[in-house]
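Listed below, chain by chain, are the residues.
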Amino acid sequence: MPEPMMKLGEYTFSLNTAAYQSSSRSSSYSWSEQKQTETTPALQFTGVGADTLSLPGVIFPTFRGGLGQVEAMRREAEKGKPLMLIDLCGLIDANKNALGYWCITSIKEKRSDFLPAGIPQKIEFTLELKYYGEKI
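What counts and how
Residues numbered from 1 in each chain as written. Predicted model: local features only at pLDDT ≥ 70, side-chain atom pairs only at ≥ 80, totals over all residues. Heavy atoms only, no water. Pairing = 2+ DSSP bridges. Helix = DSSP H or I, 4+ residues; strand = E, 2+ residues; numbered from the N terminus. Core = buried A, V, L, I, M, F, W, Y, C linked by side-chain atoms within 4.5 Å. Buried < 20%, exposed > 50% of the residue type's maximum accessible area, 1.4 Å probe, protein only. Contact = heavy atoms within 4.5 Å.

1. A word on the pairing of strand β8 (residues 120-133)
Pairing between strand β5 (residues 42-59) and β8: eight bridges, direction antiparallel. If you follow Leu-53 over to β8, its bridge partner there is Leu-129. Strand direction decides the pairing type here: strand β7 (residues 98-114) and β8, joined by twelve bridges, are antiparallel. Following the sheet pairing, Tyr-101 is matched in β8 by Gly-133. With antiparallel pairing between neighbouring strands as the criterion, β7 and β8 make up a hairpin whose turn holds five residues, including Gly-118 at a positive phi of roughly 85°.

Below, the structure written as structure tokens:
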């Protein structure tokens with residue numbers, strides 16, 4: 001049985017559900033310009049911005065995962081609350097692998113390679129998350 005990769009709320013990413021192909025994290029930091037006489041503006045650090053995480057992946061519903069995986073992700077998003085994100089790769093202690101709370105901001109889905117009954121053989125998805133914080 002394939003090992004789980006990551007858990008977001010109640011949803012578990014794995015080869016048996018939906019496997020993300022890569023992950024991309026972006027962090028932003030705010031700097032404000034302070035005008036100065038007869039020289040270039042100075043920059044002043046004004047705080048940490050939002051972290052975002054993008055998880056593009058693929059599901060082969062006729063092989064593994066089934067057709068309901070993206071809908072299961074949408075059900076988590078529709079809860080309208082931050083979800084605990086846990087990295088399960090090489091899990092030793094779930095508390096040490098907890099990445100804090102994240103909000104689902106976008107789910108994109110592309111279905112292709114249809115069977116005669118209209119069942120897709122391939123579903124590509126991208127899940128976009130924004131960091132909420134350590135606690136709710």
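Continuing now.
2. Description of the nonpolar core
Note on soluble globular proteins: their nonpolar side chains tend to be buried together. Core analysis: the biggest nonpolar cluster contains 23 residues, and Leu-8, Phe-13, Leu-55, Met-73, Leu-127 and Leu-129 have the highest contact counts within it. Of all the secondary structure elements, the ones that give two or more residues to this core are β1 (6-8), β2 (11-13), β3 (19-20), β5, α1 (69-78), β6 (83-87), β7 and β8. Sort the elements by how many residues they give to this core and β8 lands first, with four residues. If sequence neighbours within four positions are ignored, Leu-55 has contacts with Met-6, Phe-13, Tyr-20, Ser-22, Ser-23, Phe-125, Thr-126, Leu-127 and Leu-129.

3. Structural notes on the side chain of Thr-126
Here Thr-126 is to be found in strand β8. In this structure, Thr-126 is in contact with Ser-54, Leu-55, Pro-56, Ser-106, Ile-107 and Lys-108, ignoring residues within four places of it in sequence.

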